[in-house]
Amino acid sequence: MRSTTPRAALRRVAGALAAAGLLAAGSLALSAPARAAGPVMGFGGPAETALHPYPASGGPQRTSVAITVDNPSRDEEHGRFEGEYTVTFDLGGIAGVAEAVFGTEDGADCEITGTTGVCHDTGLAPGTNPLPELRVGAAAGSRDGDSGTIRITGTADGAAFAPFTTRIVIGGPDLVMERAPLEQELEPGRTQPFPLAFANHGTRAAEGVVLTLMYTRGIEFTERYENCVYREDDAGQGVPVWTTALCSVEGSYEVGAVYELAEPLMLRATQRAYRDTLVYRIDEAGPGARGAQRAPGARSAPGTTGNVLTLKAVPAVPAVRSSDLDPADNQQEADFSTTNTADFAAYGDTASGLPGSTVGADIGFRNEGPAWIGNLRSGDPVATVDFTVPEGASVSAWPGTCRGVTADGQYREQQAGAPRYVCDTSMAVREDAGLALHFDLKIAEAVTGASGKVEVRGARSRDPLLPFDPDPGNNTAALVLNPDDAGDPGAAGGSTSGSSGGGGPTADASAPAASASADATATAAPAGSRAGTGGRLAATGTGAATAAGAAAAALLAGGVLYTAARRRPGH
């Protein structure tokens, strides 16, 4: 069995979102490991999987029940379990309700005999490991509403497994979100109606629904509602990047009917809009969904009007597709492009020191706006700060997000004393924020007016232009060591702040925005990611959490407010 797959990566994201209360009720469950002498592996998977009823003709449509096993170690280098292990699927609880087979594409050693499935394998990497795919379809003679359970256990020498149970049910509601007709090329301040509609293509009515609206920083809805809770998410950026609204609407939503908002929502592009995304989803309400609204951190934002978001049936509109019991249909997404700009302005510094001394310098850039810039789809850095070290000095400490390279930008194994450093932002840079970087430099030779270039550019060196930036003239600045009286540390268009002997930036009008930003964060470089002492990174609206960036990118790439394979159709 493979130690990791895209499905497993998305399941890690689903676990993080479940903790934040963003997954629909009953979508994903994990076994609770007990204490044992060796490592205790925990199984995970959907709490419930709904199947198509057995058809009048032809064979049943099978659905994947994605079960994983979690190695609790987080030591990527030494935490792998190397022994052999056996996983047993007790299928007796679904006899007469459903039939199961193992997928053949995994090439795993799995076999089903009677009502027992057994898989053998060796080795479990730290974290989540996917098990061979179990594909389940309705049994002949089963009826709508029938249900049963599958119990999963494991054994191994030197490890224990916490048992896990997942429920299988025949039929159910199938809410399908229709794609809304939205204008996607916008101007700042542009407002448009958002006529959301969905249908139930399942076999039973949905009792209450939860509408999820997730939108990025540059767009907003003009009204907030009493029956919605609003949650801000920084996606590891230190400032809000996403807003999520969870709106609970009571009622019975019947099979074959189509429903729409009683009054369309109004969606507006703000003055900071540039590239933005809206995700909208419908799910049947349940204890988990309602609990998410009451969970710590879920709150109604100030300015809620008190109006109630409501739905109404659309008369005489036939369903356009057959029932498919597919949660992938519950969600739609829209990307918006707004005509706007963001001015990234580099700043440098000055410092003075005698040969043998170490001085500190603060460099970076700030976003003068008006737009925020985010690469939430790809998770790629928005920009890179490219710093060339001044003559006569060498870097002894640097931020953990920076890497030393050769003078022509190539890989360099030795990071200390590199002639050049490149420092990536995270995947989002807020308006009126930026990236502040602190370097310690050891003076080997006091060269009067030695100047190092500070440039903010595209993250790919072969494509250095920032397409959103209308003023490339201020994308460069200088770090000047031992300036003479006439020296200008802000050369090449960048504003600067002075320092001497390791001091910080001066408090003048051209100092970095970090000192004035109420929601700026300071993040120390990870241990082992920098040399010497004193290296630090101050991130104002950018952040250094690449894992959070990958999670948000997965969230968008997979349409994954709800990634559990709860009712994925098979063939």
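Look a little higher up for the structure.
Anyway, here's the lowdown on the structure attached to this text. Keep in mind that this is a model prediction, so the values were computed, not measured.

1. Structural notes on the state of the cysteines
Two cysteines joined by a covalent bond between their sulfur atoms form a disulfide.
Part 1 of the argument: This structure, assessed with the given rule, holds three disulfides.
Part 2 of the argument: The disulfide that involves Cys228 links it to Cys247, with 2.0 Å between the sulfurs. A torsion of 110° about the S-S bond marks the disulfide between Cys228 and Cys247 as right-handed. Placement of the pair is Cys228 in strand β21 (residues 228-233) and Cys247 in strand β22 (residues 242-253), with a sequence separation of 19 residues. As far as the burial class goes, Cys228 and Cys247 line up, both buried.
Part 3 of the argument: Two residues, Cys402 and Cys423, share a disulfide whose sulfurs are 2.0 Å apart. Its S-S torsion of about 110° marks the bond between Cys402 and Cys423 as right-handed, since a negative value means left-handed. Linking Cys402 in strand β33 (residues 402-405) with Cys423 in strand β34 (residues 420-424), this pair joins segments that are 21 residues apart in sequence.
Part 4 of the argument: With its bonded cysteines labelled in order along the sequence, the protein chain shows the pairing 1-2, 3-4, 5-6.

2. Details of the pairing of strand β6 (residues 81-90)
Part 1 of the argument: Pairing between β6 and strand β9 (residues 116-124): eight bridges, direction antiparallel. Following the sheet pairing, Tyr85 is matched in β9 by Asp121.
Part 2 of the argument: Bridge analysis of β6 against strand β12 (residues 147-156) gives six bridges, and the strand direction is antiparallel. The residue of β12 that forms the bridge with Thr86 is Thr155.

3. Looking at the sheet that holds strand β11 (residues 134-138)
Part 1 of the argument: Within the open sheet, the three strands sit side by side as β4-β11-β7. Their pairing is antiparallel. Only two strands of the sheet have a single partner each, and these edge strands are β4 (63-65) and β7 (98-102). Going from strand to strand, the sheet's axes swing by 35° on average, the running direction of each strand aside.
Part 2 of the argument: As paired elements, β7 and β11 share five bridges and run antiparallel to each other. Paired with Val101 across the strands is Arg135, a residue of β11.

4. Section: the side chain of Ser337
Part 1 of the argument: Along the chain, Ser337 falls in strand β27 (residues 331-338).
Part 2 of the argument: Looking at Ser337, the relative accessible area reads 17%, which means it is buried.
Part 3 of the argument: Contacts of Ser337, omitting those with residues within four sequence positions, involve Gln184, Glu185, Leu186, Tyr274 and Arg275.

5. Section: the packing of aromatic side chains
Part 1 of the argument: The final tally for this structure, using the stated rule, is 15 aromatic pairs.
Part 2 of the argument: Ring geometry for Phe43 and Phe161: centres 5.7 Å apart, planes at 25°, overall stacked. In this pair, Phe43 is assigned in strand β2 (residues 40-45) and Phe161 in strand β13 (residues 160-162), connecting sequence segments 118 residues apart.
Part 3 of the argument: The class for Phe43 is buried, based on a relative accessible area of 1%.
Part 4 of the argument: Classification of Phe161 as buried rests on a relative accessible area of 10%.
Part 5 of the argument: Here Phe89 and Phe102 contribute two aromatic rings whose centre-to-centre distance is 5.3 Å and whose plane-to-plane angle is 75°, an arrangement assigned as edge-to-face. With a gap of 13 residues between them, Phe89 in strand β6 and Phe102 in strand β7 connect regions that are remote in the sequence. Like Phe102, Phe89 is buried.
Part 6 of the argument: Grouped by ring-pair contacts, the aromatic residues Phe194, Tyr215, Phe221 and Tyr280 constitute a single cluster.
Part 7 of the argument: When the ring centre of Tyr230 is taken as origin, the NZ or CZ atom of Arg224, which lies over that ring, is 4.3 Å away.
Part 8 of the argument: Its end group placed over the ring of Tyr274, Arg275 keeps NZ or CZ at 4.1 Å from the ring centre.

6. Points about the side chain of His438
Part 1 of the argument: Relative to the helices and strands, His438 is located in strand β36 (residues 434-443).
Part 2 of the argument: A relative accessible area of 3% means that His438 is categorised as buried.
Part 3 of the argument: Here the side chain of His438 touches Asp362 through a polar contact of 3.0 Å, side chain to side chain.
Part 4 of the argument: Among the polar contacts made by the side chain of His438, one reaches the side chain of Asp440 at a distance of 2.8 Å.

7. Considerations on the nonpolar core
Part 1 of the argument: Counting 38 residues, the largest nonpolar core has Phe344, Phe387, Phe439 and Leu441 as the members making the most contacts within it.
Part 2 of the argument: Elements that contribute at least two residues to this core include exactly β28 (342-351), β29 (358-370), β31 (384-388), β32 (393-397), β34, β36, β37 (450-457) and β38 (476-481).
Part 3 of the argument: Here the element with the most residues in this core is β36; it accounts for five residues.
Part 4 of the argument: Cys247, Leu265, Ala273 and Tyr280 belong to the second largest nonpolar core, which has 36 residues in total.

8. Brief notes about the environment of Glu250
Part 1 of the argument: By the secondary structure assignment, Glu250 is in strand β22.
Part 2 of the argument: Sequence-wise, Glu250 and Thr310 are 60 residues apart; in three dimensions their C-alpha atoms are separated by 8.8 Å.

9. Some points on the pattern of salt bridges
Part 1 of the argument: Under the defined criterion, the tally for this structure stands at 18 salt bridges.
Part 2 of the argument: Of the charged contacts, one joins Arg268 and Glu220 as a salt bridge, the two residues approaching to 2.9 Å between their closest N and O atoms. Of this pair, Arg268 sits in strand β24 (residues 265-269) while Glu220 sits in strand β20 (residues 219-221); the two residues are 48 residues apart in sequence, bridging distant segments of the chain.
Part 3 of the argument: On the basis of relative accessible area, Arg268 is assigned to the partly exposed category, the value being 28%.
Part 4 of the argument: The partly exposed category is assigned to Glu220, whose relative accessible area is 26%.
Part 5 of the argument: One network of salt bridges, in which partners are shared, links Glu333, Asp335 and Arg377.

10. Re the sheet that holds strand β26 (residues 311-314)
Part 1 of the argument: Taken in spatial order, the four strands line up as β15-β18-β23-β26 in an open sheet, and their pairing is antiparallel. In the strand order of this sheet, the two ends are held by β15 (175-177) and β26, each with one partner. When the angles between neighbouring strand axes are averaged without regard to direction, this sheet yields 30°.
Part 2 of the argument: Both β15 and strand β18 (residues 197-200) contribute to a ladder of three bridges, which runs antiparallel. Paired with Val176 across the strands is Ala199, a residue of β18.

About the thresholds
- Residues numbered from 1 in each chain as written.
- Predicted model: local features only at pLDDT ≥ 70, side-chain atom pairs only at ≥ 80, totals over all residues.
- Heavy atoms only, no water.
- Disulfide = S-S within 2.5 Å.
- Helix = DSSP H or I, 4+ residues; strand = E, 2+ residues; numbered from the N terminus.
- Buried < 20%, exposed > 50% of the residue type's maximum accessible area, 1.4 Å probe, protein only.
- Pairing = 2+ DSSP bridges.
- Axes fitted to C-alpha atoms, helices over the stretch in contact; angles between N-to-C directions.
- Contact = heavy atoms within 4.5 Å.
- Phe/Tyr/Trp six-rings, centres within 6.5 Å; stacked < 30°, edge-to-face > 60°.
- Lys NZ or Arg CZ within 6 Å of the ring centre and 35° of its normal.
- Polar contact = N/O pair within 3.5 Å; in protein donor to acceptor, adjacent residues only side chain to side chain.
- Core = buried A, V, L, I, M, F, W, Y, C linked by side-chain atoms within 4.5 Å.
- Salt bridge = Lys/Arg side-chain N within 4 Å of Asp/Glu carboxyl O.

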